[in-house]
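Single-letter residue listing:
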Amino acid sequence: MSTFFTEEHELFRQSLRAFLEKEAIPHIDQWEEDRRTPRDIWKKMGDMGFLGLSYPEEYGGLGLDFFYDVVFNEELGRTNSGGFAITQQVTQYMSCPNILKYGSEELKQKYLPGIISGDLISSIGITEPGAGSDAQNIKTTAIKDGDHYVVNGSKTFITNGVYGDFIVTVVKTDPEAGAAGVSLLILEQKMEGVSARKLKKLGWHSSDTAELSFDNVKVPVKNLIGEEGRGFYYLMNGLQLERLVAVPAAVTGCEKAIEVSLQYMSEREAFGRPINKFQVLRHRIAQLASEVEALKAFSYHCCEMYANDIYDVKLCSMAKLLATELCEKVATECLQFFGGYGFMEEYPMARMYRDVRVGTIGGGSSEIMREIIAKIVIDGQGYVKPKSSGNGIVERKTSTPGGNGKSESENGKAGSVIPDIGIDEIVKGIQSKASAVDALGKTLKFDFGDEQITIDGTGSDNQVSTSNPNADCTIKLSKADFHKLVSGNLNPMNAVMSGQVKIDGDMGLAMKLQSLFS
Amino acid sequence: MTKYFTEEHDSFRQSFRSFLEKEVKPNIDQWEKDGQLPRDIYKKFGEMGYFGLNRPEEYGGLDLDLWYGVIFDEEIARMNSGGFGASIGAHPMLALTHITHEGTEEQKQNYLVPGILGTKVGCLAITEPSAGSDVQSVRTTAIRDGDEYVINGSKTFITNGVLSDFLVVVCKTDPDQKAKGISLFIIDRDTPGVSATFLDKLGWRASDTGEIAFDNVRIPASNMLGAEGQGFIYIMQHFVSERLAMAVGGYAASEYAIEVTLKYMNEREAFGRKINRFQVLRHRIAQLSAEIEMVKQFCYSLYARYAKGEYLVKEASMAKLLGTQLADKTMTQCLQMFGGYGYMEEYPLARMFRDTRLGQIGGGTSEILCEIIAKAMIDGRSYK
Ligand SMILES: Cc1cc2nc3c(=O)[nH]c(=O)nc-3n(C[C@H](O)[C@H](O)[C@H](O)COP(=O)(O)OP(=O)(O)OC[C@H]3O[C@@H](n4cnc5c(N)ncnc54)[C@H](O)[C@@H]3O)c2cc1C
Ligand SMILES: Cc1cc2nc3c(=O)[nH]c(=O)nc-3n(C[C@H](O)[C@H](O)[C@H](O)COP(=O)(O)OP(=O)(O)OC[C@H]3O[C@@H](n4cnc5c(N)ncnc54)[C@H](O)[C@@H]3O)c2cc1C
């Protein structure tokens, strides 16, 4: 019936579901009470081959397609324990993809086999007491000292941060540089100077959430993931996956809630009839079921795009927003069907009700999702995808005609405010800035469509010209935006991240824009 | 081009859109005032083949896949006239659907062929003053008399009910039975005893909504459409496509509302800045856009299944429920973005607001849809 799942997917689903029903679900109450999930369940899952589904075989993974991950998350969603589900969601989909995509071979060999076998658990340390939604604003520093970095600072709300093994930590290697100073560094939980405090929280009881502090932690330089200064870009690139995996789990969580509600409603009697005969309750089920069904179709659509390597920021943000908000609605209304029993821990709704509450906060709050969507549909911003394999760019345009029309007219407006400076003037202006910094070592081209400006940094200094070569990195933007960039009225990092400025080629080169224009 | 739409679909959309921009859009205000559509617009649609998109070639149709119908509905919604959409849609979607599926060869020659050409216009008359949601309770009777039937009763809220050339009418051939007593008939407008009056209404102004009386109307027995006693089943069968189409109308109208609203928000200034800079308004647009995108993808996924022959009673009900609810919500919120201008007829939202309101009433009210969904979900009822 389904166009997304093959028979193999379904077999996988059955075996995973059977496993969870036998090995996990009967124990979850206890784990919730213990405020932690014991290690051996992950080991069992690793032994069964349930972890590392789409990780390459060379690290012990199965190299399967993305719809296995969809099944994995759907089945986790059915366990009715956000705390249980989140441990592996963080390890497999939020933390370790950074190592897989950008880490050195040595790091991959060291950490990936362990998270795939279930021996290791990892976390992603972004949020700090003073910076959550505004991740650029983190304060934790990693200062190079010979073959080590010395890390100081703190992180908070870190899932797996108490009982995990290592932390993919977002640090500032250049505290002065804003987003361009952000790097990813692997800290091990047992390193000297790392301490964790376990936080008490509303829900997700079987998951450990930590406040971490780093006090002069000495971290080998080889623990750096990818290159210095590119951490923010790595993070942004991973966010779509992080947001997307929340969606299938949300769908099945809602389905499960409706399922248990229907069961209860057929058994419970009031005023001499099963409560499933009361029309308002029936219609509430109909309404919720419709919304869940629509969300499910949308979830599959977004997952299919992702599986086809199409990086659609708008869709992923929309899906995360709608999925987490629907979970709250479903949990609230389904709890109501259970009356007083809904409030009791023996019945499933109490836990779901408190667990779903974090959905609209973590992984980008609903407000941040709406900010992103608004930028795309109102300001007509496009988003770029640096492909995982190379440096090619797939450009996604927003499909809302209003959005596109808007960006054109905005540019037109900007043109009338900013004097239409000639290309020679621009060359002069940028030459003076480019001369002040070290040679880029590569060629960087600004493409305005009809005209181009190229900085050739392959010689001893940076030469600016209007030539149009095949550059290592091409930046497409309007002249008006270029002017804003040069005059410091447009933050290059934001412009790149938001897609207002489109980059093709060497992303690293583009990251140097900040220093060129600051 | 997407997963669902090919290049041919896209170019059809282009040409249909420019046709509508030229032949329809400039006239909508007048038609809204007139309370009806002029005959020649049906003929123009007919000449272009737009009434025959999914109809068999032998009757002048184009026999295209159903995605063309989706495009038709999506583009019609951009005209911002629920009334235009209703009249121009009810003819092919309601009246011609029944004739295509249940009609005899003779009926097809007499009604489907001119229907596709746009030279004859039809309507579908189910609702009566005392029976709307409860279709089984219709009272209009068709009593056999030799090789004729004699029709008595009345219908109300019928789209194209005053001006159409022929009516597909739901009658009781056996008044003692409920659903099983229902049969369909084709009645020509000029048959003696048929009279109709215009109804004045909140929105859908460009459409003639009629109350119709049948006073001893005599028609040949050969005007029965399909088999005796099967009428209720026919109606239910075609509800799936009608509801899917109304769901499309819901998100497509919403999309169009967002489009015009974004434009306005980019022009209007308050407190020294464009109103599209105010965060609450931005987030409202973001939320609506997300919901619209979801409903749209939901509908597409259902059409893909429908195209493979799945019978989607529950799902089509879900889609119509969500699509029309969303349209109400969208119009209310988009009108708000226009401030006082939103209330003025010179701006598009006033009409969108009143036209959209019908979505949750016609073609099965939201409550009836919930009944259907609840029966499937709770009582395990399966629809075949
Ligand atoms: C149980 C749990 C587990 C977590 N796990 C992890 C983890 O493993 N790793 C990790 O790094 N983080 C984790 N987080 C942190 C989570 O990602 C952050 O809580 C989240 O990003 C929000 O940041 P904040 O808490 O600092 O809120 P703030 O950023 O301070 O936001 C407070 C409020 O202001 C709103 N707001 C912020 N900016 C805007 C704006 N521009 N416009 C409108 N409203 C705005 C927010 O939406 C929110 O409502 C976890 C959180 C929880 C609760
Ligand atoms: C502009 C317009 C055009 C139309 N075009 C056509 C047409 O072309 N052909 C045609 O046949 N009809 C047409 N209709 C009629 C339309 O299909 C009916 O109005 C609709 O089916 C509702 O029926 P009713 O108006 O009799 O409302 P009722 O059935 O009387 O319903 C009144 C209220 O009670 C609710 N209700 C009814 N039953 C239940 C229940 N079991 N549980 C809970 N609530 C319930 C309804 O949802 C509604 O809110 C049109 C209507 C309008 C307004």
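If you're wondering where the values come from, they're calculated on a predicted model, not measured in any experiment.

Engineer: Just give me the short version of the nonpolar core, but keep the residues and values in it.
Structural biologist: Counting 189 residues, the largest nonpolar core has A:Met45, A:Phe84, A:Ile99, B:Phe45 and B:Phe84 as the members making the most contacts within it. The biggest single contributor to this core is helix H7 (residues 231-267) of chain A, with 16 residues. Other than its neighbours up to four places away in sequence, B:Phe45 contacts B:Phe16, B:Phe19, B:Leu20, B:Val24, B:Tyr50, B:Phe51, B:Phe72, B:Ile76, B:Phe84 and B:Ile88. Ranked by size, the runner-up nonpolar core spans 26 residues in total, among them B:Ala131, B:Val138, B:Ala179 and B:Leu225.

Engineer: Now, about the packing of aromatic side chains: what can you tell me, with residues and values included?
Structural biologist: Remark: the centre distance and the inter-plane angle together describe each pair of aromatic rings, the angle taken between the planes. Under the defined criterion, the tally for this structure stands at 49 aromatic pairs over all chains. On the numbers, 5.6 Å between centres and 45° between planes, the contact of A:Tyr233 with A:Tyr234 is tilted. Here the two residues A:Tyr233 and A:Tyr234 agree in accessibility, since each one is buried. Taken together through their ring pairs, the aromatic side chains of B:Phe12, B:Phe16, B:Phe19, B:Trp31, B:Tyr42, B:Phe45, B:Tyr50, B:Phe51, B:Tyr68, B:Phe72 and B:Phe84 make up a single cluster.

Engineer: Describe the domain arrangement of chain A, with residues and values.
Structural biologist: For chain A, the assigned domains are domain 1 (7-117), domain 2 (122-232), domain 3 (242-377) and domain 4 (418-516). The straight-line distance from the C-alpha centre of domain 3 of chain A to that of domain 4 of chain A is 46 Å.

Engineer: Help me get a handle on the pattern of salt bridges, residues and values and all.
Structural biologist: If you walk through the whole model with that rule in mind, you get 50 salt bridges over all chains. When the shortest N-O distance is used, the salt bridge between A:Glu451 and A:Lys479 registers 2.6 Å. Of the two residues, A:Glu451 sits in the loop between strand E13 (443-447) and strand E14 (452-456) while A:Lys479 sits in helix H14 (residues 479-486), which places them 28 residues apart along the sequence. Assessed through its relative accessible area of 27%, A:Lys479 is described here as partly exposed. When the shortest N-O distance is used, the salt bridge between B:Arg218 and B:Asp145 registers 2.7 Å. Note that B:Arg218 is positioned in strand E7 (residues 209-220) and B:Asp145 in strand E2 (residues 141-145), a separation of 73 residues in sequence. Through salt bridges with shared partners, one network takes in A:Glu10, A:Arg13, A:Arg17, A:Glu74 and A:Glu75.

Engineer: Mind laying out the domain arrangement of chain B, listing which residues take part and the relevant values?
Structural biologist: All names here are of chain B. Per the domain assignment, the segments making up chain B are domain 1 (7-121), domain 2 (124-229) and domain 3 (232-377). Put simply, the middle of domain 1 and the middle of domain 2, counted by C-alpha atoms, are 23 Å apart. Taken together, the contact between domain 1 and domain 2 spans 27 residues of the former and 22 residues of the latter. Of the roughly 2000 Å² buried where domain 1 meets domain 2, counting both sides, 59% is carbon and sulfur surface. Inspection of the domain 1/domain 2 interface yields one salt bridge. A salt bridge links arginine 39 to aspartate 165, with the nearest nitrogen and oxygen atoms 2.9 Å apart. With 13 residues, the single largest contributor to the side of domain 1 that touches domain 2 is helix H5 (residues 82-102).

Engineer: Which residues make up the interface of chain A and chain B, and what are the values?
Structural biologist: Listed by partner, the interface residues are 44 residues for chain A and 37 residues for chain B. In total, chain A and chain B occlude about 3600 Å² of area from one another, counting both sides; carbon and sulfur atoms represent 63% of this. A per-residue breakdown of the area chain A buries against chain B is headed by A:Arg282, A:His283 and A:Ile378, which together make up 15% of the total. Remark: the boundary between chain A and chain B carries five salt bridges. Elements supplying a minimum of two residues to the side of chain A that touches chain B: H7, helix H8 (279-307), helix H9 (313-337), helix H11 (366-377) and helix H12 (401-417) of chain A. Broken down by element, the side of chain A that touches chain B gets its largest block of residues, 16 residues, from H8(A).

Engineer: I'd like to hear about the environment of B:Ile219, residue by residue, with values.
Structural biologist: All names here are of chain B. Structurally, isoleucine 219 is set in strand E7. Look at isoleucine 219 and you get buried, because its relative accessible area is 1%. Leaving out residues up to four positions away in the same chain, isoleucine 219 has contacts with Asp147, Glu148, Tyr149, Ile151, Phe185, Ile186, Ile187 and Thr191.

Engineer: Quick one: what's the story with the site of ligand 2, residue by residue and with numbers?
Structural biologist: As a matter of local geometry, ligand 2 sits amid 17 residues, with A:Gln279, B:Thr127, B:Ser133, B:Phe157 and B:Thr365 nearest to it. Contact distances for ligand 2 include 2.6 Å between a nitrogen atom and a side-chain N or O atom of A:Gln279. B:Thr365 has a polar side-chain atom sitting 2.7 Å from an oxygen atom of ligand 2. Surface burial for ligand 2 is 66%, taken as the share of its 970 Å² of free accessible area covered by protein chains.

Engineer: Would you mind going over the pairing of strand E1 (residues 122-125) of chain B in detail, with residue names and values included?
Structural biologist: All names here are of chain B. A two-sided burial pattern is seen for E1, the buried positions comprising Gly122 and Leu124 on one face and Cys123 and Ala125 on the other. Taken together, the four bridges between E1 and strand E4 (residues 166-172) define a ladder with parallel strand orientation. Of the residues in E4, the one forming a bridge with glycine 122 is phenylalanine 166.

Engineer: Give a description of a nonpolar patch on the surface that names residues and reports values.
Structural biologist: A cluster of nonpolar side chains, contributed by A:Tyr341, A:Phe343 and A:Met344, occupies part of the molecular surface with about 340 Å² of accessible area. As for its placement among the helices and strands, A:Met344 is situated in the loop between H9 and helix H10 (349-355).

Engineer: Residues and numbers for the sheet that holds E13(A), please.
Structural biologist: The strands making up a sheet are joined through hydrogen bonds of the backbone, oriented either antiparallel or parallel. All names here are of chain A. Strands sit in the order E15-E14-E13-E16-E17 across an open sheet of five strands; the sheet is mixed. The open sheet has two edge strands, strand E15 (463-465) and strand E17 (502-505), and neither has a second partner. Geometrically, the sheet is characterised by an average inter-axis angle of 15° between neighbouring strands, direction not taken into account.

About the thresholds
Residues numbered from 1 in each chain as written. Chains lettered and ligands numbered in written order. Predicted model: local features only at pLDDT ≥ 70, side-chain atom pairs only at ≥ 80, totals over all residues. Heavy atoms only, no water. Core = buried A, V, L, I, M, F, W, Y, C linked by side-chain atoms within 4.5 Å. Buried < 20%, exposed > 50% of the residue type's maximum accessible area, 1.4 Å probe, protein only. Helix = DSSP H or I, 4+ residues; strand = E, 2+ residues; numbered from the N terminus. Contact = heavy atoms within 4.5 Å. Phe/Tyr/Trp six-rings, centres within 6.5 Å; stacked < 30°, edge-to-face > 60°. Domains from an automatic or database assignment. Salt bridge = Lys/Arg side-chain N within 4 Å of Asp/Glu carboxyl O. Buried area = accessible area lost by both parts, 1.4 Å probe. Near = heavy atom within 4 Å. Polar contact = N/O pair within 3.5 Å; in protein donor to acceptor, adjacent residues only side chain to side chain. Areas by Shrake-Rupley, 256 points an atom, 1.4 Å probe, with all protein chains shown as cover. Pairing = 2+ DSSP bridges. Patch = residues over 30% accessible without salt bridge, like charges linked within 9 Å, V, L, I, M, F, W, Y side chains within 5 Å. Axes fitted to C-alpha atoms, helices over the stretch in contact; angles between N-to-C directions.

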